[in-house]
Amino acid sequence: MLVLGIESSCDETGVALFDTGAGLLGHALHSQVGLHAQYGGVVPELASRDHVRKALPLLRSLLGETGIKSTDINGVAYTAGPGLIGALMVGAAIGRSLAWSWGVPAVGVHHMEGHLLAPMLETPAPAFPFVALLVSGGHTLLVRVDRIGAYRILGDTLDDAAGEAFDKTAKLLGLEYPGGPLLAELARQGDPDRFRFPRPMTDRPGLDFSFSGLKTFALTTFQKHGDDPQARADIARAFQDAVVDTLVIKCRRALRQSGIGRLVVAGGVGANRALRQGLDALAEELGGEVFYPRLEFCTDNGAMIACAGAWRLQAGQQQGLEIEVRPRWSLEELDAVSA
Ligand code: KG4
Ligand code: ZN
């Protein structure tokens, strides 16, 4: 079954073609980063309009590149939530309409399920059950995954998401949006022993997170040492070390409590090199395995939506003719796909 996937929940337009037999046949991405950078964050209305401009040309060029004809496509998957409502509506309207005009089924995909299943695009793919750490700009979740669609949230953030904390801290250090990768770059020149930030909520049981205090810690440290040019890199390093350590501690706890040896990491912050090193060391310590998507599939992309949608379409799930999106939507509300 050949499925077209469309991602448009935030500031990236992604399209991809995934075949349930042959795997990923091609994908294309247009990032709006340049469009929003001057505002220091995503402007929802600009995001929606840009998805309108880019989605179909991107699809046309993907079809041209892969030599696949629209008549070869057996189903369409689009991101139905969570995300920015206008941006979601664009992808849903285009996806639903194309499916209708081609006479094929369509399915709305949960964006976080896309992230969660992105490591299944790699070889070897993780076997079920596994624990997933989802760390993006909007979410920080630890999820127990028994099979596709059977998700139990083990831990969530009480305030900022990990990526959001990276972006806000980067902003106060004077870095451009989205600051996560830039902060990680700056941290490489930082002294790990100069400042020590707290590891929030690791001193009590449980798997929830809280990252907003770290940003305040970074701010007060920056105000105290702002005249020192090396301080920015040292703060970036202390911040990143604190986030990575906290995530590793909670992953260790989740794996031990669930008795599961496989960890899957996904979402934009999953591209962070220090986090990958920390989680690789954890897997070695526990004698377990850790699975990552390739770097370009950590952040938003169409491939993960095509892949997640293909599993659901193949299992016979499909959407009616209505164009529906859900800006807020819990992973736990999804239906399990029978094995
Ligand atoms: O998954 P994603 O592309 O979008 C959402 O669904 O939110 O994640 C984007 C987030 C941003 O906050 C970005 O700063 C962060 O992931 N990010 C990183 C790195 N690469 C992306 N954070 C830390 N280190 C990185 N290397
Ligand atoms: Zn995302």
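Residues numbered from 1 in each chain as written. Chains lettered and ligands numbered in written order. Predicted model: local features only at pLDDT ≥ 70, side-chain atom pairs only at ≥ 80, totals over all residues. Heavy atoms only, no water.

Student: Just checking my understanding: could you explain the site of ligand 1 for this structure?
Tutor: Residues in contact with ligand 1 amount to 18 residues; listed here are only the nearest, G137, D167, G268, N272 and D300. Between D167 and ligand 1, the recorded distance is 2.6 Å, taken from a side-chain N or O atom to an oxygen atom. Here an oxygen atom of ligand 1 sits 3.1 Å away from a polar atom, N or O, in the main chain of D300. Isolated, ligand 1 exposes 560 Å² of accessible area, and the fraction of that covered by the protein chains is 87%. The element that contributes the greatest number of residues to the shell around ligand 1 is helix α5 (residues 162-172), accounting for three residues. The class makeup of the residues in the shell around ligand 1 is five nonpolar, eleven polar and two charged. (Near = heavy atom within 4 Å. Polar contact = N/O pair within 3.5 Å; in protein donor to acceptor, adjacent residues only side chain to side chain. Areas by Shrake-Rupley, 256 points an atom, 1.4 Å probe, with all protein chains shown as cover. Helix = DSSP H or I, 4+ residues; strand = E, 2+ residues; numbered from the N terminus. Nonpolar A, V, L, I, M, F, W, Y, C, P; charged D, E, K, R; others polar.)

Student: So what exactly am I meant to see when it comes to the coordination of the zinc ion (ligand 2) here?
Tutor: Those protein atoms acting as donors to the zinc ion (ligand 2) are H111 (NE2), H115 (NE2) and D300 (OD), and they sit at 2.0 to 2.1 Å. Coordination at the zinc ion (ligand 2) is irregular: its four donor atoms span angles of 93 to 144° at the metal. (Donors = N, O, S within 2.8 Å, 3.2 Å for Na, K, Ca; no water. Tetrahedral: all angles 85-135°; square planar, octahedral: opposite > 155°, others 65-115°.)

Student: Honestly, the packing of aromatic side chains in this entry has me stumped. Any pointers?
Tutor: Aromatic rings considered in pairs are described by the distance between their centres and by the relative angle of their planes. Using the criterion set out here, one finds four aromatic pairs in the structure. Seen from their ring centres, F166 and F239 are 5.1 Å apart, and the 85° between their planes marks the pair as edge-to-face. Placement of F166 in helix α5 and of F239 in helix α8 (residues 231-258) is noted, with a sequence separation of 73 residues between them. Comparing F166 with F239 shows no difference in burial state: the two are buried. For the pair F209 and F211, a centre-to-centre distance of 5.8 Å together with 15° between the ring planes defines the contact as stacked. As far as burial versus exposure is concerned, F209 and F211 are alike and both buried. Positioned above the aromatic ring of F209 is the side chain of K250, whose terminal nitrogen or guanidinium carbon lies 5.6 Å from the ring centre. (Phe/Tyr/Trp six-rings, centres within 6.5 Å; stacked < 30°, edge-to-face > 60°. Buried < 20%, exposed > 50% of the residue type's maximum accessible area, 1.4 Å probe, protein only. Lys NZ or Arg CZ within 6 Å of the ring centre and 35° of its normal.)

Student: Mind showing me how you'd approach the pattern of salt bridges here?
Tutor: It is possible for side chains bearing opposite charge to pair when their charged atoms get close. For the structure on display, the rule yields 18 salt bridges. A salt bridge links K168 to E164; the nearest nitrogen and oxygen atoms lie 3.2 Å apart. Of the two residues, K168 and E164 are both situated in helix α5; the distance of four residues between them amounts to about one turn of the helix. By relative accessible area, which is 32% here, K168 ends up partly exposed. Since its relative accessible area comes to 26%, E164 is described here as partly exposed. E285 is paired through a salt bridge with R252; the nearest N and O atoms lie 2.8 Å apart. One end of the pair, E285, is in helix α9 (residues 273-286); the other, R252, is in helix α8, and 33 residues separate them in sequence. (Salt bridge = Lys/Arg side-chain N within 4 Å of Asp/Glu carboxyl O.)

Student: What am I meant to see in the side chain of S210 here?
Tutor: Relative to the helices and strands, S210 resides in the loop between α6 (180-187) and α7 (212-225). For S210, a relative accessible area of 17% translates into the label buried. At a separation of 2.7 Å, a polar atom in the side chain of S210 contacts the side chain of D159. With near-sequence residues (within four places) excluded, S210 lies in contact with T157, D159, P200 and M201. (Contact = heavy atoms within 4.5 Å.)

Student: Just checking my understanding: could you explain the layout of surface pockets for this structure?
Tutor: The gaps left among the atoms become clear once a water-sized probe is rolled over them. Estimates place the volume of the second largest pocket at around 300 Å³. Contributing to the lining of the second largest pocket are 17 residues, with V107, G108, Q319, W329 and L334 lying nearest its centre. Here the residues of the lining of the second largest pocket sort into six nonpolar, five polar and six charged. (1 Å grid on protein atoms, 1.4 Å probe; cavity = no way out; pocket = protein on both sides within 12 Å on 5 of 7 lines; lining within 4 Å. Points joined across faces, edges and corners; volume = space filled by probe spheres on them.)

Student: Explanation requested: the nonpolar core in the structure shown.
Tutor: The nonpolar side chains of soluble globular proteins are, as a tendency, buried together. Ranked by size, the top nonpolar core spans 61 residues in total, and within it L4, V15, L17, L134, V143, Y151 and L331 carry the most contacts. Counting contributing residues per domain, this core is built from domain 1 (2-117 + 300-333) and domain 2 (126-292), each supplying no fewer than three. Apart from the residues within four sequence positions on either side, V143 is in contact with L116, F130, V131, A132, L134, Y151, R152, I153, L154 and L331. Formed by 44 residues, the second largest nonpolar core is a distinct cluster that contains F166, L207, F211 and L282. (Core = buried A, V, L, I, M, F, W, Y, C linked by side-chain atoms within 4.5 Å. Domains from an automatic or database assignment.)

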